[in-house]
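For reference, the chains in residue letters:
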Amino acid sequence: MTPALAELLDRLHVVALPMRVRFRGITTREVALIEGPAGWGEFGAFLEYEPPEAAHWLAAGIEGAYRQPPPARRERIPINATVPAVAAAQVPEVLARFPGARTAKVKVAEPGQTLADDVERVSAVRELVETVRVDANGGWTVEQAARAAAALTADGPLEYLEQPCATVDELAALRRRVDVPIAADESIRKADDPLAVVRAGAADIAVLKVAPLGGISAMLGIAAQIDIPVVVSSALDTAVGIAAGLSAAAALPRLDHACGLGTGGLFVDDVAEFAAPLDGGLAVGPVTPDPARLQALAAPPERRQWWIDRVKACYPLLVPSSG
């Protein structure tokens with residue numbers, strides 16, 4: 001059952017987390033946390049998202065606060081290191097925050113950078129981590145992606161190209177041209193029909209994120225309807241959102257790939273003690289924010305009001321999975 005709006009607002013904590021490096025164009029991550037009867041939920045739709053899209057994220061936050069997670073099939077989840085679009089010289093410093101990680105996801109196709117920058121960054125990662133995947137966030141055309149696939153595999157394989165192009169048709173066309181597996185992220189989480197990419201034969205792997213899909217139960221529902229492997233990933237979540245992602249990954253019948261749930265290392269500080277990966281994995285379990293951290297990281301009053309207004313705008317649009 002969806003809580004009353006007044007109750008929801010009464011349970012809201014808005015925080016601003018400083019980041020170690022620029023990621024998705026931001027250096028501070030704002031989210032609203034919901035303190036509920038079943039635990040904590042996170043509403044962290046990126047600031048540019050309009051209410052129809054952000055409402056799914058609110059549904060996920062409500063689910064986390066008001067519903068217990070599903071039974072876990074595994075206690076630890078292997079995770080990938082996340083390497084932002086940094087200079088190659090910074091790669092060792094970034095990877096040091098992911099001890100034991102055997103897989104790294106490298107951001108590529110950053111505006112203002114070149115393919116040569118991407119190749120240099122990926123090569124630096126490959127020297128330190130055995131399995132490398134790259135994420136272009138839809139930044140390439142089919143032609144650019146085909147060239148990038150050749151350049152980025154010149155000195156070693158890639159596990160997959162994540163969202164190399166923006167549209168399903170482009171992904172399908174690219175998949176017919178390259179040998180590197182294609183993973184879909186935005187084509188699933190931002191689509192009116194998240195299964196369209198699979199039906200079109202446009203992806204080998206589905207990257208699923210709890211918050212944009214409306215919660216753990218909604219994500220698992222989508223996973224149950226597709227016949228390709230799933231990678232559970234973070235949407236630059238706080239420790240609360242990461243815990244939800246770990247619970248979702250733990251509930252999957254199959255988990256063949258490392259998950260993108262190690263992004264907590266990108267924050268200077270978090271609402272709970274940062275759980276460093278142990279032997280390349282993170283433990284599954286609930287997270288309770290530290291009251292002192294909530295206070296220290298609290299967003300300014302005007303930003304708190306912005307998030308309150310956002311909840312009010314999203315609330316009437318809540319998807320059924322919030323119930």
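All values derive from a computational prediction rather than experimental measurement. (Residues numbered from 1 in each chain as written. Predicted model: local features only at pLDDT ≥ 70, side-chain atom pairs only at ≥ 80, totals over all residues. Heavy atoms only, no water.)

**Q** Tell me about the packing of aromatic side chains, and name the residues and values.
**A** A full pass over the atoms with the stated rule returns five aromatic pairs. Judged by centre distance (5.7 Å) and plane angle (90°), the ring pair of Phe46 and Tyr49 falls under edge-to-face. With a relative accessible area of 7%, Tyr49 lands in the buried category. Measuring from centroid to centroid gives 5.8 Å for Tyr49 and Trp57, while their planes differ by 70°, and the two rings are edge-to-face. Each member of the pair, Tyr49 together with Trp57, is buried. Three or more aromatic residues link up through ring pairs in this structure, and these residues are Phe43, Trp306 and Trp307. Note that Arg303 overlies the ring of Trp306, its terminal NZ or CZ placed 4.6 Å from the centroid. (Phe/Tyr/Trp six-rings, centres within 6.5 Å; stacked < 30°, edge-to-face > 60°. Buried < 20%, exposed > 50% of the residue type's maximum accessible area, 1.4 Å probe, protein only. Lys NZ or Arg CZ within 6 Å of the ring centre and 35° of its normal.)

**Q** Before we move on, can you summarise the environment of Ala6 with the specific residues and values?
**A** Its place among the elements puts Ala6 in helix 1 (residues 5–10). According to the relative accessible area criterion, Ala6 is exposed, its value standing at 60%. Each C-alpha atom, one on Ala6 and one on Gly156, is 55 Å from the other, the two residues being 150 residues apart in sequence. (Helix = DSSP H or I, 4+ residues; strand = E, 2+ residues; numbered from the N terminus.)

**Q** Tell me about the side chain of His257, and name the residues and values.
**A** Topologically, His257 is positioned in the loop between helix 10 (239–251) and strand 12 (281–283). At 2.8 Å, the side chain of His257 forms a polar contact with the side chain of Glu159. Every residue in contact with His257, bar those within four places of it in the chain, is listed here: Arg133, Glu159, Ile205, Pro229 and Val231. (Polar contact = N/O pair within 3.5 Å; in protein donor to acceptor, adjacent residues only side chain to side chain. Contact = heavy atoms within 4.5 Å.)

**Q** Lay out the packing of helix 9 (residues 216–223) against helix 10 in plain terms, naming residues and giving numbers.
**A** Each pair of packed helices gets described by two things: the angle between the helix axes and the distance between those axes. Put simply, helix 9 and helix 10 touch, their axes get as near as 10 Å, and they point 35° apart. Judged by the sense of rotation from one axis to the other, the crossing of helix 9 with helix 10 is right-handed. Contacts from Ile216, Met219 and Leu220 of helix 9 reach helix 10 at Ala244, Ser247, Ala248 and Ala251. Tallied by class, residues from the contact of helix 9 with helix 10 come to six nonpolar, one polar and no charged. (Axes fitted to C-alpha atoms, helices over the stretch in contact; angles between N-to-C directions. Left-handed = near helix turned anticlockwise from the far one by under 90°. Nonpolar A, V, L, I, M, F, W, Y, C, P; charged D, E, K, R; others polar.)

**Q** Can you break down the sheet that holds strand 6 (residues 103–107) residue by residue, with the values?
**A** Whether parallel or antiparallel, the strands of a sheet pair through hydrogen bonds between backbone atoms. If you walk across this open sheet you meet the seven strands as 5-6-7-8-9-10-11, and the pairing is parallel. The outermost strands of the open sheet, each flanked by one partner alone, are strand 5 (81–83) and strand 11 (230–233). Across two bridges, strand 7 (residues 131–135) lies against strand 8 (residues 161–162) in parallel orientation. Its bridge partner lying in strand 8, Asp135 is registered against Glu162. Strands strand 10 (205–209) and strand 11 of the sheet are contacted by helix 9, whose axis makes an angle of about 170° with strand 10. (Pairing = 2+ DSSP bridges.)

**Q** Give me the lowdown on the environment of Phe43, citing residues and values where you can.
**A** Counting through the fold element by element, Phe43 comes out in strand 3 (residues 39–43). On the basis of relative accessibility, which here comes to 0%, the residue Phe43 falls in the buried class. Along the chain, Phe43 and Ala146 lie 103 residues apart, while their C-alpha atoms are 36 Å from each other. Ignoring anything within four residues of it in the chain, the contact list for Phe43 reads Val31, Ala32, Ala54, Trp57, Leu58, Trp307, Arg310, Val311 and Cys314.

**Q** Hey, could you go over the sheet that holds strand 3 for me, with residue numbers and the actual values?
**A** Reading across the sheet, the three strands line up as 1-2-3 and stay open at both edges, with antiparallel pairing between neighbours. Every interior strand has two partners, whereas the edge strands, strand 1 (12–23) and strand 3, have only one. Here the average twist between neighbouring strands, direction ignored, is 35°. Where strand 2 (residues 26–36) lies against strand 3, five bridges are found, and the strand directions are antiparallel.

**Q** For the environment of His56, give the residues involved together with the corresponding values.
**A** For His56, the position within the fold is in helix 2 (residues 51–66). Between the C-alpha atom of His56 and that of Leu213, which follows or precedes it by 157 residues, the distance is 6.1 Å.

**Q** Before we move on, can you summarise the nonpolar core with the specific residues and values?
**A** Val125, Leu161, Leu174, Leu208 and Met219 are the most contacted members of the largest nonpolar core, which totals 68 residues. For Leu208, the residues in contact, after removing those within four places along its chain, are Ile188, Leu213, Met219, Ile222, Ala223, Val230, Val231, Val232 and Ser233. Counting residues in hydrophobic clusters, the runner-up holds 44 residues, among them Ala16, Ala32, Leu58 and Ile62. (Core = buried A, V, L, I, M, F, W, Y, C linked by side-chain atoms within 4.5 Å.)

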